[in-house]
Amino acid sequence: MAQPLPISGTFLDEVTCDIPGHNWGAEQWAVEFDSFVAVGIDTVILIRSGWGPRLSHPTAVLRSKVSTLPVYADMVELFLNLADARGIAFYFGLYDSGSHWNRNDWQGEVALNRPYIPEVYQRYGAHPSFAGWYLPHETYDSGQRIIELNTTLAELCKAEADLPVLSSPYWLGRHDMHLGFSLPAPSPRSLDEIVTQWDEIFSHYSGLVDVAAFQDGTVYEQDLPDTLRAMRQLADRHNISLWSNVETFDRDMPIKFPPIEWRKLIHKLTSAEGLVDKAICFEFSHFLSPNSIWPSGRNLFARYQEYLAGSHRPLT
Amino acid sequence: MAQPLPISGTFLDEVTCDIPGHNWGAEQWAVEFDSFVAVGIDTVILIRSGWGPRLSHPTAVLRSKVSTLPVYADMVELFLNLADARGIAFYFGLYDSGSHWNRNDWQGEVALNRPYIPEVYQRYGAHPSFAGWYLPHETYDSGQRIIELNTTLAELCKAEADLPVLSSPYWLGRHDMHLGFSLPAPSPRSLDEIVTQWDEIFSHYSGLVDVAAFQDGTVYEQDLPDTLRAMRQLADRHNISLWSNVETFDRDMPIKFPPIEWRKLIHKLTSAEGLVDKAICFEFSHFLSPNSIWPSGRNLFARYQEYLAGSHRPLT
Amino acid sequence: MAQPLPISGTFLDEVTCDIPGHNWGAEQWAVEFDSFVAVGIDTVILIRSGWGPRLSHPTAVLRSKVSTLPVYADMVELFLNLADARGIAFYFGLYDSGSHWNRNDWQGEVALNRPYIPEVYQRYGAHPSFAGWYLPHETYDSGQRIIELNTTLAELCKAEADLPVLSSPYWLGRHDMHLGFSLPAPSPRSLDEIVTQWDEIFSHYSGLVDVAAFQDGTVYEQDLPDTLRAMRQLADRHNISLWSNVETFDRDMPIKFPPIEWRKLIHKLTSAEGLVDKAICFEFSHFLSPNSIWPSGRNLFARYQEYLAGSHRPLT
């Protein structure tokens, strides 16, 4: 019988896009990293190092190429130091200009990241926790030249430092994915369509993008087990590591976004048991941490601990 | 002079629809039920036992008829045990498939609940706290075959166990009722229209649906006193018990939904003084409880206690 | 080199419009006013004393002229007493019927406030903390007869009691200003257009409206320094005192509105250093206070204290 699936990684939501800042200082981040160790989180992934004018650290390259806001804190240095001291693996998320999605300008994204990647590795690569790269341009299909964009970025990353490259795509398996966003909302994909898309994408990713951690809240909960089984087959065929990116926020509520209802979390974890190589989450600190600013996040952590201890198995 | 109106009942928001879960565990629910006793809450109403694929307890009947998610906890058993031990009356909310509203298929709702009601009563009816039934299909007028639906469900409930049947309709007396929802937004009703609709509905409910607890935030605050007086006359004419379902969440804010501003709560309670047979609320645990995850909910509880102690009477 | 800019004033969000009530009682407000003193807040501004049917205090004038809700607490008296005891200056925000914006009926607003201003001053003017008037009808340009409205209201205020008159306009310098509101969304203004509008408005305000505290989140963050420099020139030309109304809530998030991310706050304060005569905020109690109901607001306060102590200067 399958065992409970522990979450052993989390995104760090810098630069934040749609999750309000908790406004933690250096001391609170240190407490959080201690919690990471205590709960078995060995991997942290910076979701993006910059987004449009917002930067998580000083960078001469980006400041010379795009309009940016001043940087008041080097969050990357802070995170790497905290990770170094605790033996946590840190994955660096590249820069997302935000304009690719409207202009379909994948070469522009590459042009910005091409000189940025060496600058980053020169500045931070000596940190022992610097363990890999993360591609922040998420996608649900092969449109918008995502194959060219992400394989090129992966090549640039591996050329700079031959470390694992992570991605975290989504499925667009629900009709309400874009609620509250300004993006156009395409039709949800059937599982057949999802498989077709990812078979093609993975055939290009193979050897370049090492990990696909699908966002597990992007199909209906009932469809998650079948979807994960199909992805497992695809990942094996293309020699890609399949992780689950467990969404710890709730997509179904008028408030965008609170911590997820505990049964949804348990269901998603249970559905992934035995199917994925690793479970990470988006993200621990706001929504699941014992240090969360949301009381319901701290309660969610208690329910999650009960699940790890063997409670909350499906009733018959 | 009218006396302060205590809230002596609350809904239990399982399965939740638009209120994020607080993710309480069994111990926290026990604390909450102790709070119920301390503040004079003698009645709890499960708002629905299932909604679409989500279920609050294991049920072979529904699992054989609709696509459902696994059940990880029997919340009904938990609530009944807590209520038994404290002398609290528990009302069981029926199953809402969620599809009636789009398909206008009232007979489909009946077909699901017809075998479900006996299953429920056989499983839970021996609990001394099992005090009655709640009809989860809310309505604001006689459309969508709500009379046929709710009278038929009430008949089935009373045939299974002749216990009180509760309903909690609304008025559609505001133009902004459906903000944030995907339902079409009909025009708000005048008080004359409201009276016409409920005179007809109550004439059918009489003898079957014992209680109408109108949602008190569904007319403009200025119109609440007149609306309640009109409902009092209607309820008396049709021998239905009139309760107030005091909404403890705020409909007026961009955040959907925070605890209500205290003066709105006081105004609604004051407006119902001397007019209703009982005041319940939707709902205590998220928005008014001393255990609320919202600090403003805990503060609201303090203001409500001041009101009960005689403060916050209208100033001249 | 410029020094950190302390926030020495705050709005009091009564009657609230789009910020959920924290439901503080008299004791909590006393704690908050003590915090005002501790953090150097010497000025509080009641954002409006009434809005549509909602009133912050009993008023025979308004009750005779508009449909109002009962008043359950005299918040103005509470605030004035707290301010008196602590040497804090209190500015009284006039009544906003809410209907001006749809009906373009500036004379209706004046007709309501003309008898209301003497009533207010007779009731509250003897309080030593009663320091001035605030014009609650915010605007971003000279449309909707705002010049006639606000200069007439300012004349009435000064005729009743010759005290400073404050305003807090906005710039409409972003394309996403009205997200979540029902107002029509005009095009964002260029800086040239902003200057043209406010040159005209200030020429009429001069000698009547003493202070313009622009809402600092109503241009893109990158544009704030240039915008403030231009406003400084205009304000000097027209002999108006330029304050910054530092928005402590985040406009960029799906949740409307959480405490702002700390780096945005630091950037806006840094941008205003040396340019404004005073910084106030909207508002301290919900979003920046050590007593905030938002944990991220309490954390924001810690980051703000670090800024005042010299941290968080721009990195190079």
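Residues numbered from 1 in each chain as written. Chains lettered and ligands numbered in written order. Predicted model: local features only at pLDDT ≥ 70, side-chain atom pairs only at ≥ 80, totals over all residues. Heavy atoms only, no water.

Just give me the short version of the overall build of chain A, but keep the residues and values in it.
When its secondary structure is counted, chain A shows 11 helices and 11 strands. For 316 residues, the compact-globule estimate of 2.2 N^0.38 gives 20 Å, and the C-alpha radius of gyration of chain A, at 19 Å, lies within 12% of that figure. When each of the 316 residues of chain A is scored for burial, the buried share is 64%. Partitioning the contacts of chain A with sequence separation of at least 6, the portion at a separation of at least 24 is 78%. Of the accessible surface of chain A, which amounts to about 11000 Å², a share of 50% is contributed by carbon and sulfur atoms. Taken together, the 24 basic and 39 acidic charged side chains of chain A have centroids lying 2 Å from each other. (Helix = DSSP H or I, 4+ residues; strand = E, 2+ residues; numbered from the N terminus. Rg over C-alpha atoms; globule rule 2.2 N^0.38 Å. Buried < 20%, exposed > 50% of the residue type's maximum accessible area, 1.4 Å probe, protein only. Contact = heavy atoms within 4.5 Å. Areas by Shrake-Rupley, 256 points an atom, 1.4 Å probe, with all protein chains shown as cover. Lys, Arg positive; Asp, Glu negative; His and termini not counted. Charge placed at Lys NZ, Arg CZ, Asp CG, Glu CD.)

For the packing of helix α6 (residues 146-160) of chain C against helix α7 (residues 191-205) of chain C, give the residues involved together with the corresponding values.
Residues and elements named next belong to chain C. With their axes 10 Å apart at the nearest point, α6 and α7 run at an angle of 25 degrees to one another. The angle between α6 and α7 falls in the class roughly parallel. Once α6 is placed against α7, the crossing between them reads as right-handed. Contacts from I147, N150 and T151 of α6 reach α7 at E200, I201, H204 and Y205. Here the residues of the contact of α6 with α7 sort into three nonpolar, three polar and one charged. (Axes fitted to C-alpha atoms, helices over the stretch in contact; angles between N-to-C directions. Parallel < 35°, antiparallel > 145°, perpendicular 65-115°, else oblique. Left-handed = near helix turned anticlockwise from the far one by under 90°. Nonpolar A, V, L, I, M, F, W, Y, C, P; charged D, E, K, R; others polar.)

Tell me what's going on with the interface of chain A and chain B, and back it up with residues and numbers.
Contact with chain A, which involves 25 residues of that partner, is made by 29 residues of chain B. Interface area for chain A against chain B, summed over the two sides, is near 2400 Å², with a carbon-plus-sulfur share of 58%. Linking chain A to chain B there are three salt bridges. For R54 of chain B, the salt bridge goes to E221 of chain A, with nearest N and O atoms at 2.4 Å. Along the contact surface separating chain A from chain B lie 12 residue pairs in polar contact (both at pLDDT 80 or more). Residue assignment for the side of chain A that touches chain B shows that the elements contributing at least two residues are α9 (262-272) and α11 (295-308) of chain A. (Buried area = accessible area lost by both parts, 1.4 Å probe. Salt bridge = Lys/Arg side-chain N within 4 Å of Asp/Glu carboxyl O. Polar contact = N/O pair within 3.5 Å; in protein donor to acceptor, adjacent residues only side chain to side chain.)

Account for the pattern of salt bridges, with residues named and values stated.
Residues and elements named next belong to chain A. All told, the structure shown has 66 salt bridges over all chains when counted by the stated rule. D42 is paired through a salt bridge with K278; the nearest N and O atoms lie 2.7 Å apart. One end of the pair, D42, is in the loop between α1 (26-39) and β2 (43-46); the other, K278, is in strand β11 (residues 278-282), and 236 residues separate them in sequence. Classification of K278 as buried rests on a relative accessible area of 14%.

For the packing of aromatic side chains, give the residues involved together with the corresponding values.
For the structure on display, the rule yields 81 aromatic pairs over all chains. Ring centres of F33 of chain C and F36 of chain C lie 4.8 Å apart, and the angle between their planes is 55 degrees; on these two criteria the pair is classed as tilted. With F33 of chain C and F36 of chain C both in helix α1 (residues 26-39) and three residues apart, the pair spans about one turn of that helix. One exposure class covers both F33 of chain C and F36 of chain C, and it is buried. Directly above the aromatic system of W243 of chain B lies the positively charged group of K278 of chain B, at a separation of 5.7 Å from the ring centroid. (Phe/Tyr/Trp six-rings, centres within 6.5 Å; stacked < 30°, edge-to-face > 60°. Lys NZ or Arg CZ within 6 Å of the ring centre and 35° of its normal.)

How would you explain the relation of the copies chain A and chain C if you had to name every residue and give the values?
Of the transformation placing chain A onto chain C, the axial shift is 0.0 Å and the rotation is 120 degrees, giving an RMSD of 0.0 Å. Interpreted geometrically, this transformation is the action of a three-fold axis. For chain A, the residue whose C-alpha comes nearest the rotation axis is I255 of chain A, separated from it by 3.6 Å. Interface residue correspondence from chain A to chain C reaches only 3%, placing this contact among heterologous pairings that use different surfaces. (Least-squares fit on C-alpha atoms with pLDDT ≥ 70 in both.)

Account for the confidence of the model for chain A, with residues named and values stated.
Across chain A, the average pLDDT comes to 94, with 96% of residues at 70 or higher. For residues 178-184 of chain A, every residue scores under 50 in pLDDT, and the model assigns this stretch nine contacts once sequence neighbours within four places are set aside. (pLDDT = per-residue confidence, 0-100.)

Break down the sheet that holds strand β6 (residues 95-96) of chain A for me, citing the residues and quoting the values.
Backbone-to-backbone hydrogen bonds join strands into a sheet, with any given pair of strands oriented parallel or antiparallel. Residue and element names in this part refer to chain A. Strand order in the open sheet formed by three strands is β4-β3-β6, and the pairing between neighbours is mixed. The open sheet has two free edges, formed respectively by β4 (54-55) and β6, since each of these has just one partner strand. For strand β3 (residues 50-51) and β6, the ladder comprises two bridges, and the chain directions are parallel. For G50, the partnering residue across the bridge sits in β6 and is Y95. (Pairing = 2+ DSSP bridges.)

Summarise the packing of helix α8 (residues 224-238) of chain B against helix α9 (residues 262-272) of chain B; cite the residues concerned and give the values.
All names here are of chain B. Where α8 contacts α9, the two axes come as close as 9 Å, and the packing angle between them is 35 degrees. Classified by chirality, the crossing of α9 by α8 is right-handed. Mapping the contact onto sequence places L224, P225 and L228 in α8 and K268, S271 and A272 in α9. Here the contact of α8 with α9 is composed, by residue class, of four nonpolar, one polar and one charged.

Report on the interface of chain A and chain C, specifying residues and quantitative values.
Taken together, the contact pairs 29 residues of chain A with 25 residues of chain C. Ranking the residues of chain A by area buried against chain C places N23, R54 and Y72 of chain A at the top, with a combined share of 33%. Linking chain A with chain C are three salt bridges. Among the salt bridges present, the one from E14 of chain A reaches R263 of chain C, with a minimum N-O distance of 2.8 Å. Taken together, the connections running from chain A to chain C amount to 12 residue pairs in polar contact (both at pLDDT 80 or more). Among the residues making up the side of chain A that touches chain C, the classes are represented as 16 nonpolar, seven polar and six charged.

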